[in-house]
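# Analysis of the macromolecular model
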Amino acid sequence: MLPVKRTTAGAALGFVDSELTKKHCTNFASATATSSAASSTFNMAGGDSINGNNGVSNGKAPIGGAQLEIDEDLHSRQLAVYGRETMRRLFASNILISGMQGLGAEIAKNLVLAGVKSVTLHDTGTVELWDFSGSFLFSEEDLGKNRALVSVPKLQELNNTVIISTITTELTKEQLSDFQAVVFTDISLEKAIEFDDYCHQHQPPIAFIKSEVRGLFGSVFCDFGPEFTVLDVDGEEPHTGIIASISNDNPAIVSCVDDERLEFQDGELVVFSEVLGMTELNDRKPRRIKNARPYSFTIEEDTSNYAGYERGGIVTQVKEPKVLKFKPLQQALKDPGDFLLSDFSKFDRPPLLHLAFQALDKFIVEVGRPPLAGSEEDAKKLIALLADINNSLPDGRLEEIDPKLIRSFAFGARAVLNPMAAMFGGIVGQEVVKACSGKFHPLFQFFYFDSVESLPTESVDPNDLRPLNSRYDAQISVFGSKLQKKLEDAKVFMVGSGALGCEFLKNVALMGVSCGDGGKLTITDDDVIEKSNLSRQFLFRDWNIGQAKSTVAATAASFINRRLNIEALQNRASPESESVFDDTFWENLSVVINALDNVSARLYIDQRCLYFQRALLESGTLGAKCNTQMVIPHLTENYGASRDPPEKQAPMCTLHSFPHNIHHCLTWARSEFEGLLEKTPTEVNVYLKKPSEYISAMKQAGDAQARDTLERVLECLDSDKCDTFQDCITWARLKFEDYFANRVKQLTYTFPEDAATNNGARFWSAPKRFPRPLEFSNQDLSHINFVMAGAILRAEAFGIPIPNWAKSSEKFAEAVDKVMVPDFLPKNNVRIVTDEAATSLATASMDDADVINELVMKLEACREKLAPGYKMNPIQFEKDDDTNYHMELVTGLANMRARNYSIPEVDKLKAKLIAGKIIPAIATSTAMATGLVCLELYKVIDGSHKIEDYRNTFANLALPLFSMAEPVPTKVIKYQDMSWSVWDRWILKGSPTLRELLQWLKNKGLNAYSISFGSCLLFNSMFPKHKERMDKKMVDLVKDVAKFELPPYRSHFDVVIACEDDEDNDVDIPQVSVYYE
């Protein structure tokens, strides 16, 4: 079993009686009203307001009015998706999950990781060997035990704060009143209708979800009551625009600056703020827009008699609640409405599956079991039942029933496959979150899915589907024992063991991938476990913090399936580790699975897969969104063939002098932090370690950047050098004055409020915001906290002990009062960069070399005064340690700057999300992505599927939206009787000479005129001297001409050859690998 998590005070490991989870239900509005008073007023990612919501969801409040503490270190990535109000509702939600086979286990895992108040597990059945293909909660020791009871310990270790209880007897509908949401994964239709009617009519309604996974088929049904209010339909930040003008018309035309395109849609509501002149619009009243254009729109309002617009103003989208009227299951079965589609190539599939799942229920009721795998008799009976249901429909009958599809459905009807369970566990887990919080749009109301393309391309002998008394019997009943053997013998390279990696490891262990004598799974990750990982990287525990991710994850995966042959490495997959992941390693692989979180690493792995012609299964998540991409040799384009446009960067001058949103302030704050506490101390140490070499390099550079660097180093060792903690306080206090008073005074002196540009336009026009200097006050806690964080970190950089009183606001304020702050006088002729194309604030000067010489002399004089071995302690920014004062300083820098420019401030969490560039992440979308990828893994291992069988997916669980499509085929180049693509690499063995290489190409009808190795030209037909190289071996040319030492683990090198045909037309050929051993 997985290592058991230590218990904490008040959270005993094990299970509790379900009576403990009973509670009184109150209204959402009463819960949020009590919480709004003490909360701040900004919007979290996804538009979840921290100051509460006035909307009412299903009328049931998980929160009884008490403020629940959120561990922001643990849940920061989830907070970035949901916001505090949603999290508080989750933390007080009680959930029932009935049916603890694979799907129930996945749903429970996702909800426990999310941090709901309680999860009650219901199951009357016992663990069978058949269950092992679907659930990670069971081991051989659990055979014959109740499924719900044995699930508790492993779920409890995921999150000690969640109360996990069990019900092992038959459920009664009255027991459902204890919960906000109930989920059924193994229930008859008759019982489901009875329970759903009770939930639908209950006051307040109880969210009812029914989901099934049957082989490669799955279904979800949601009923959240007669009227359910969605507070935030998509979770996106409200769209905003910076106003450039507003007309005095009916209707009024609003134009915005062309900084960014507007995202508004006709009919949406917006509010105005900060408008100067036409102040009538600043009343915060929502106004509906029409005629939305990229940079303008109209509002349904007569502004003819309003004051004339002068300047400024922000327009912000108002997110409207949406009321959904759910139908109960009995009614929805007859009148399902529109089905949620996932694959437009299967447009007619959902209506058929709608009937197929009803027919399966009838089959089980009549026969007492699901159809048997390989039983043609059972399949025919199921098809007949489906036909009867179809014929009994008063209208909307299906014209055609696909018997082959229903046969596949029948054969796998008893099996719960882990990839399907993972996918549907993510979907259903997200629906539960929606039901409890009103966050995101619910699934309305049926969703059907199948992945029959995952089946082997060749017909499977029914005898091959028979159970073998193994843990893979359920999977064998769908795919057959031959594919199972291929899975077990697969050699897999998994790159990354974070959130995606943990889910993938669990999935492949349950599928039996690399669990045979010939199989091996190699996983690598150079990262270590942090606290913030624990809320979604479910193989890690709190005592693993600081340990290598790959090692811990591999050990945990081995507990799921002891037969898993896995090797864990801590190497970053990069050019530097090619001696570890060498040619032999890559050539022996069956498939590569990426579980990465950055584009550069993905591109590198993509190039290696191209080079060695290995399939790459790619996926990624962003909050509630996920995508998967299949990169299949010779069939599809590679990952790097298409790129997202680069993220737009704010101009340097905007960040430093003209910010107009909090992102600008936080980007500047992060940059200042790194410059003051990491880069400059590092420069100081480099100088002190080798002063002569350092000074020589600076003199040789002799530019403005070298001058600025020397000035910063000199400041650190001279005017800004700190010897005592009081010096650090002085430094931090003067930094406050410099940043938030003096610089602003200088800026507004250089560019007064009425300043004009060269063409006569107002200088301070949108998007620029006119700043005001701050006046320091020791009564303002934000001022004191900024100076405190700055002083503590400055002391750390100089190795100065921090006194105990330093963290007392009162005593610290007394120390700050001792600082003498000199008066500021603005200077004339100060150059402030306003050019948005400028990439540096450093200005070149004719006398840079002279200034550098003078700085060097001063620097050398300072060095002579330093103690031997003196050095500084550079501080690397770390966002996830709340005790290190890093985020306090960054937040203080950003908020004081925001205050200068009248930009709304943010709290430390929001600052951490933006400045720390935290990628929003939740367990549900991760689970879904990995489930989808593993459905494709069946196809890759089978090895004979066509491109039309594969699927790339984009999904957004918030909407919900599922979009599946065939991958883009690779581009094929044809020449004479040959063809090739980006996947091809021509190979020439036998250590050829240059002449032999040229003749080899000539035999293909190609005339090579240029051969390069890296940046070195080995041959060009235009250079007569190169003809002297004709009889030299290519390997010797690489060594002698390119001066390249070939590594011992390589037996070949690659050259790029430019060719033309006999008519002098250029021909792009693949890379050529020349083997010399």
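Residues numbered from 1 in each chain as written. Predicted model: local features only at pLDDT ≥ 70, side-chain atom pairs only at ≥ 80, totals over all residues. Heavy atoms only, no water.

This part covers the overall build of the protein. Helix and strand content of the protein: 30 helices and 32 strands. Expected size for 1077 residues packed as a compact globule is a radius of gyration near 31 Å; at 33 Å, the protein falls within 12% of this value. The 1077 residues of the protein split such that 57% are buried. The contacts in the protein between residues at least 6 apart in sequence include a share of 73% that link residues at least 24 apart. Carbon together with sulfur atoms contributes 49% to the accessible area of the protein, which is approximately 45,800 Å² in total. (Helix = DSSP H or I, 4+ residues; strand = E, 2+ residues; numbered from the N terminus. Rg over C-alpha atoms; globule rule 2.2 N^0.38 Å. Buried < 20%, exposed > 50% of the residue type's maximum accessible area, 1.4 Å probe, protein only. Contact = heavy atoms within 4.5 Å. Areas by Shrake-Rupley, 256 points an atom, 1.4 Å probe, with all protein chains shown as cover.)

With that out of the way, let us pick up the layout of surface pockets. When its volume is computed, the second largest pocket comes out at roughly 970 Å³. Those elements that place two or more of their residues in the lining of the second largest pocket are helix 4 (102-114), helix 6 (189-201), strand 6 (207-214), strand 7 (217-223), helix 7 (329-334), helix 8 (349-367) and strand 16 (446-450). Broken down by element, the residue count for the lining of the second largest pocket peaks at seven residues, all from helix 8. Classifying every residue of the lining of the second largest pocket by side-chain character gives 21 nonpolar, 14 polar and twelve charged. (1 Å grid on protein atoms, 1.4 Å probe; cavity = no way out; pocket = protein on both sides within 12 Å on 5 of 7 lines; lining within 4 Å. Points joined across faces, edges and corners; volume = space filled by probe spheres on them. Nonpolar A, V, L, I, M, F, W, Y, C, P; charged D, E, K, R; others polar.)

Before going further, it helps to spend a moment on helix 23 (residues 781-798). Taking 1.5 Å per residue as the helical rise, helix 23 with its 18 residues ought to reach 26 Å, and the 26 Å between its terminal C-alpha atoms agrees with that figure. With 14 of 18 residues buried, helix 23 lies mostly within the body of the structure. One or two residues past the end of helix 23 sits Gly799, with phi positive at roughly 70°. (Expected span 1.5 Å × (residues − 1).)

The eight strands are arranged 19-18-17-20-21-22-23-24 in an open sheet whose pairing can be described as mixed. In this open sheet, the two edge strands, each paired with only one partner strand, are strand 19 (566-569) and strand 24 (961-965). In this sheet, adjacent strand axes meet at a mean angle of 10° when their direction is disregarded. Two strands pair when backbone bridges link them, and strand 22 (residues 625-631) and strand 23 (residues 952-956) are joined in this way by four bridges, in the antiparallel orientation. Each bridged residue has a counterpart across the sheet, and for Lys625 the counterpart in strand 23 is Asn956. Along the sheet face, helix 17 (residues 599-612) touches strand 17 (491-495), strand 20 (591-594), strand 21 (615-622) and strand 22 and points at about 165° away from the line of strand 21. (Pairing = 2+ DSSP bridges. Axes fitted to C-alpha atoms, helices over the stretch in contact; angles between N-to-C directions.)

On to helix 28 (residues 923-942), then. Between its terminal C-alpha atoms helix 28 stretches 29 Å, which fits the 28 Å expected from 20 residues at 1.5 Å a residue. Taken from the residues just after helix 28, Gly943 is the one with a positive phi, measuring 85°.

Take empty space enclosed by the protein next. Over the atoms, a rolled probe matching the size of one water molecule traces out where space is still vacant. Evaluation of the coordinates by the stated rule reveals seven cavities of 30 Å³ or more. Each pocket or cavity is described by its volume, and for the largest cavity that value is around 80 Å³. Leu341, Ser342, Asp343, Lys346, Arg349, Pro350, Leu353, Tyr448, Phe449, Asp450 and Met964 are the residues that line the largest cavity. Looking at the lining of the largest cavity, the elements that each hand over two or more residues are helix 8 and strand 16. In the lining of the largest cavity, the residues fall into six nonpolar, one polar and four charged.

Moving on to the confidence of the model for the protein. Summarising the model, the protein shows a mean pLDDT of 91, and 93% of its residues fall at 70 or more. Low pLDDT, under 50, characterises residues 1-66; the stretch is placed with 186 contacts to residues that sit more than four places away or in other chains. (pLDDT = per-residue confidence, 0-100.)

Of note, Cys934 is situated in helix 28. Judged by its relative accessible area of 0%, Cys934 falls in the buried class. Sequence spacing of Cys934 and Glu320 is 614 residues, and the spatial spacing of their C-alpha atoms is 38 Å. When residues no more than four places from it in sequence are discounted, the contact partners of Cys934 are Pro419, Phe504, Asn507 and Met511.

Right, let's get into the pairing of strand 3 (residues 118-122). Burial runs high along strand 3: five of the five residues are buried. Going residue by residue along strand 3, you find Ser118, Thr120 and His122 tucked away on one face and Val119 and Leu121 tucked away on the opposite face as well. Traced from strand 2 (residues 94-98) through helix 4 to strand 3, the parallel crossover comes out right-handed. Taken together, the five bridges between strand 3 and strand 4 (residues 163-167) define a ladder with parallel strand orientation. From the neighbouring strand, His122 faces strand 4, where its bridge partner is Ile167. (Right-handed = clockwise from strand over helix to strand, strands pointing away.)

Let us now look at a nonpolar patch on the surface. A grouping of Phe954, Leu959 and Leu961 is seen on the molecular surface, where their side chains present a nonpolar patch of about 220 Å² in accessible area. Within the fold, Leu961 resides in strand 24. Owing to a relative accessible area of 35%, Leu961 belongs among the partly exposed residues under this scheme. (Patch = residues over 30% accessible without salt bridge, like charges linked within 9 Å, V, L, I, M, F, W, Y side chains within 5 Å. Salt bridge = Lys/Arg side-chain N within 4 Å of Asp/Glu carboxyl O.)

Turning our eyes to something else, we now look at the side chain of Ser211. Its location among the elements puts Ser211 in strand 6. Its relative accessible area of 0% is what places Ser211 among the buried residues. Side-chain polar atoms of Ser211 contact the backbone oxygen of Ser219, separated by 2.9 Å. Not counting residues up to four positions away in its chain, the partners in contact with Ser211 are Leu103, Phe184, Thr185, Ser219, Val220, Phe424 and Val428. (Polar contact = N/O pair within 3.5 Å; in protein donor to acceptor, adjacent residues only side chain to side chain.)

Turning our attention to the packing of helix 19 (residues 662-689) against helix 23. Between helix 19 and helix 23, whose axes approach to 10 Å, the crossing angle comes to 30°. Here helix 19 is positioned roughly parallel relative to helix 23, judged by the angle of their axes. Seen from helix 19, the contacting residues are Phe673, Leu676 and Leu677; seen from helix 23, they are Leu793, Arg794 and Ala797. Counted by class, the contact of helix 19 with helix 23 contains five nonpolar, no polar and one charged residues. (Parallel < 35°, antiparallel > 145°, perpendicular 65-115°, else oblique.)

Spatially, the six strands close up into a barrel ordered 9-10-13-12-11-14, and their pairing is antiparallel. Each strand axis lies, on average, 50° off the axis of its neighbour in the sheet, ignoring direction. Where strand 12 (residues 287-290) lies against strand 13 (residues 296-299), two bridges are found, and the strand directions are antiparallel. Within strand 13, the position partnered with Lys290 by the bridge is Thr298.

This part is about the pattern of salt bridges. Counted according to the given criterion, the structure contains 67 salt bridges. With a shortest N-O distance of 3.3 Å, Lys327 and Asp335 are connected by a salt bridge. Given a relative accessible area of 42%, Asp335 falls into the partly exposed group. With a closest N to O distance of 2.3 Å, Lys485 and Asp489 form a salt bridge. Classification of Lys485 as partly exposed rests on a relative accessible area of 48%.

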